[in-house]
Amino acid sequence: MAIDGQTLTPQTGAAVFRSLNEKVGQDLRLRIRRGGDERELEMKLGSREEVSYRIVDGRSPMPEQLKIRDSWLKR
C-alpha cells in the first residue's frame, strides 16, 4: 500500500519504485494489507544484478556448431 510513507497508486507506483534505486542498503517501511489486516513492516532494501546472454551465429558456422546451437534452442 505504501513505501516509506509514499502511497502506491497506479499513477504514482512507477515513480516510487524508480526512486528505490537510491535507497539500496537502507531500511524501508512497508505498509501492506493481507487478509483485511493492515501491517507496517521494516526491511532492508537489497538489489540484484540482471545478466542476459544472446547467441549470435558466427560468419561460417560448422555443421557441428549448428547442431549444438540447435540443441540449446530446442530446434
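Look up: the structure comes first, before these words.
Here is what the cut-offs are and how they apply
Residues numbered from 1 in each chain as written. Predicted model: local features only at pLDDT ≥ 70, side-chain atom pairs only at ≥ 80, totals over all residues. Heavy atoms only, no water. Helix = DSSP H or I, 4+ residues; strand = E, 2+ residues; numbered from the N terminus. Buried < 20%, exposed > 50% of the residue type's maximum accessible area, 1.4 Å probe, protein only. Contact = heavy atoms within 4.5 Å. Areas by Shrake-Rupley, 256 points an atom, 1.4 Å probe, with all protein chains shown as cover. Lys, Arg positive; Asp, Glu negative; His and termini not counted. Charge placed at Lys NZ, Arg CZ, Asp CG, Glu CD. Pairing = 2+ DSSP bridges.

Observations regarding the overall build of the protein chain
Then, in step 1: From N to C terminus, the protein chain includes 2 helices and 4 strands.
Then, in step 2: The order of helices and strands in the protein chain, counted from the N terminus, is β-β-α-β-β-α.
Then, in step 3: With respect to the principal axes defined by its C-alpha atoms, the protein chain has extents near 60 × 30 × 25 Å.
Then, in step 4: For the protein chain, with 75 residues in total, the buried portion stands at 12%.
Then, in step 5: A separation threshold of at least 6 residues defines the contact pool for the protein chain, and within that pool the share at least 24 residues apart is 24%.
Then, in step 6: Accessible area for the protein chain stands at about 7000 Å²; split by element, carbon and sulfur atoms hold 49% of it.
Then, in step 7: Each charge sign in the protein chain was given a centre, from 15 positive and 12 negative side chains, and these centres are 5 Å apart.

Overview of unusual backbone geometry
Then, in step 1: One non-glycine residue, aspartate 4, lies in the positive phi region at around 50°.
Then, in step 2: Relative to the helices and strands, aspartate 4 resides in the loop between strand E1 (2-3) and strand E2 (6-7).
Then, in step 3: Taking relative accessible area as the criterion, aspartate 4 reaches 23% and is therefore assigned partly exposed.

Examining the pairing of strand E3 (residues 27-34)
Then, in step 1: Bridge count between E1 and E3: 2 bridges; the pairing is antiparallel. The residue of E3 that forms the bridge with isoleucine 3 is leucine 30.
Then, in step 2: Pairing analysis gives 8 bridges linking E3 to strand E4 (residues 37-44), with the strands arranged antiparallel. Paired with leucine 30 across the bridge in E4 is leucine 41.
Then, in step 3: Taken together, E3 and the strand that follows it, E4, pair antiparallel across an intervening segment of 2 residues, in which glycine 35 is found at a positive phi of about 60°.

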